[in-house]
Every structure is written in C-alpha cells, then in structure tokens.
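# Fold and geometry: a report
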Amino acid sequence: MATPDRQVTTLALAYALSAAERGLAVFPLSRTKLPALRSPHRDDPAPTTCRGECGRFGHGVYDASTDPHRIRELFAAAPWATGYGIACGLHPHHLIGVDLDRKYGTDSSAALRELALRHLFTIPETVVVLTPSGGRHLWLTGPPDVVVPNSASRLAPGIDIRGAGGYLVGPGSRTDHGVYGTAPGTAHLVPAPCPPPLLRLLLPPPRAHHPTAPASTAQHGQGLVQFVLAAHEGQRNTRLFWAACRAYENGIGPDLSDALVDAAVRTGLTEREARSTIASAARMTGQRP
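In every chain, residue numbers begin from 1 and rise along the written sequence. Since the coordinates come from a predicted model, pLDDT governs what is reported: local features require at least 70, and pairs of side-chain atoms require 80 or more to be given and counted, while whole-chain, interface and lining totals use all residues. Heavy atoms from the whole structure form the basis of all side-chain values; hydrogens and water molecules are not counted.

### Observations concerning the pattern of salt bridges
Convention followed: Criterion for a salt bridge: a side-chain nitrogen of Lys or Arg within 4 Å of a carboxyl oxygen of Asp or Glu. Counting from the N terminus, the helices are DSSP H or I runs at least four residues long and the strands are E runs at least two residues long. Relative accessibility thresholds used throughout: buried, under 20% of the residue-type maximum; exposed, over 50%; partly exposed, between the two (1.4 Å probe, protein chains only).
Taken as a whole and judged by the stated rule, the model has seven salt bridges. Between Arg-162 and Asp-99 there is a salt bridge, with the nearest N and O atoms lying 3.4 Å from each other. Within this pair, whereas Arg-162 is found in strand S7 (residues 159-162), its partner Asp-99 is found in strand S3 (residues 95-100), the two being separated by 63 residues in sequence. Since its relative accessible area comes to 24%, Arg-162 is described here as partly exposed.

### Focus: the packing of aromatic side chains
The test is simple: The aromatic pairing rule takes the rings of Phe, Tyr and Trp, using the six-membered ring of Trp, and pairs them if the centres are within 6.5 Å, calling planes under 30 degrees apart stacked, those over 60 edge-to-face and the rest tilted. Placement of a charge over a ring requires the Lys NZ or Arg CZ to be within 6 Å of the ring centre, with the centre-to-atom vector within 35 degrees of the ring normal.
By the definition in use, this model includes two aromatic pairs. Measuring from centroid to centroid gives 4.9 Å for Phe-227 and Trp-242, while their planes differ by 45 degrees, and the two rings are tilted. Taken as a pair, Phe-227 in helix H5 (residues 214-229) and Trp-242 in helix H6 (residues 236-249) lie far apart in primary sequence, 15 residues in all. Judged by relative accessible area, Phe-227 falls into the partly exposed class, the value being 26%. Classification of Trp-242 as partly exposed rests on a relative accessible area of 34%. Above the ring of Phe-227, the side-chain terminus of Arg-239 is found at 4.2 Å from the ring centroid. Across from the ring centre of Trp-242, 4.9 Å away, lies the NZ or CZ of Arg-246, which sits over that ring.

In structure tokens form, the structure reads like this:
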C-alpha cells in the first residue's frame, strides 16, 4: 500500500498529466512551491547558463514538458513532489499568469479593477486558481510573438506577473500552506486572450536610443545573433523576438535583421516565420521593419 506522501505524489502526477493533455507544459514542485529537482550544476565551480541543454533533470521551469513519458520520468526522479508547476510563455497557449495576492493587507483585485477602468479594458472570463493564502491566479494567453516578462508589484502592490521563464503552481498541488484549486465555474474554461491595453501594461517601455560606437554595435549585434542560435525547440520564436526588440531599441534592427533571420532559420524556423517575428518586434518598439 502506498504511503500517504506517495499518494500525494501520485495525485500530483495525475493532475500534471491532465494539464499536459491541455497543452500545458509541467514539471514537479516540492511543498515549498520550488522545483522538486535540484540543479545538476549546483556543485560546478563556475556559474552556468545551462537551461537543460546538458540533458539532465533539475533545470526548474526549463524541465517543463507536455510529453507524458518525460513527465512520468520527472516525477519518478522526484518521489517527494507534492505538486506541479505550469511553465508560462510556451506554445500553444503562451500563458500569462496574473497573481493577485492578499498578503500584507493589499487588495490586488481592487487594484486590477482600477487599472481596468483607467485603461479601458475588461477582465475576461477565464481560468482562475485559488491559492491557500486567499489569492487568485488569473490565466490569460498572449500573442505568440510577444514576450511578457515576469514582474512583482510593478503594475500595483500585490499584482505579480508570470511570463516567459516563469511558472504558476498548478491546481491540485499541495504545499506547506494548503492546496491550490480551480475556482468554481472556471475549471472547464480555456485561458482567455489578454486584453491589448493590459498586455501593453505588462511589457517594459521601449529603451531610449543611445548612439553606439561602431565596434560596440557590431559586438552587440553578434551577441544577439548568438543568443538566437542558442535557442532550442520551444524557445526559438521567443529568443528571436527578444533579440530583435533589443536590436531595434539600439538602432541596429534594420542592419541586423538579415543576420537574425539566418540564425533563426538555422534553429528550425522558416524564413517567413522569422521575418514575421522581426516585423512584430519592430512594431512593438515603435520602429519600422
């Protein structure tokens, strides 16, 4: 007979597999809401930027997968897991999590309603996950060519955003403080598109352009190209969009676009996809492609 802890892990795995069937990439969490598997690079003498390229488990959100076989392997490697994380920003949903906290006397729900009135958008009907502390997670989706960064209380006190590279605690997860669960009447919903005015608030403002010396410009451009070349499946569009945004913000977008397209094609994107993403980056930064 399974021990109670093992039963919790088995239940967490079942919830995770169910989420994966909906196209949500998942990975195991511990009771502390942190990734259950420790980094394989924790004893390396120098810091590493590995995000799973080494092939081993323990890279947190970068372990996330929708493949049932891989998910079972992840949970088998972490038999102490009691929950699962859902990676944000990935295909097909490009999930954005709006974390409305109620700690320290903040009323983040009221703050979000005020933002909606001020910026003329409606908070859509969508999946809502209730947290043990009385907070709520709203699940929204973003455009595939837009990278939403993580932020904490930038919009308003108590409103945290989970974007690319971030994750949400999945419903059914058990933590030290209680169980996460879907709000009544929302479990059957699909994540709603993020309202455009809210999406604009979630993106960082364009950087001011500062003239750059030619040598520094060339070096920076090469660094952006290498950043795109290092992308693996699931990151290609995101990395290309980010690099193109930085290029246009620094005034080298038109000169670097062909090199970025070539790099993106080498990672597996089509030329048409790459040029479309770069054009989106140009529009997002207020430039002409």
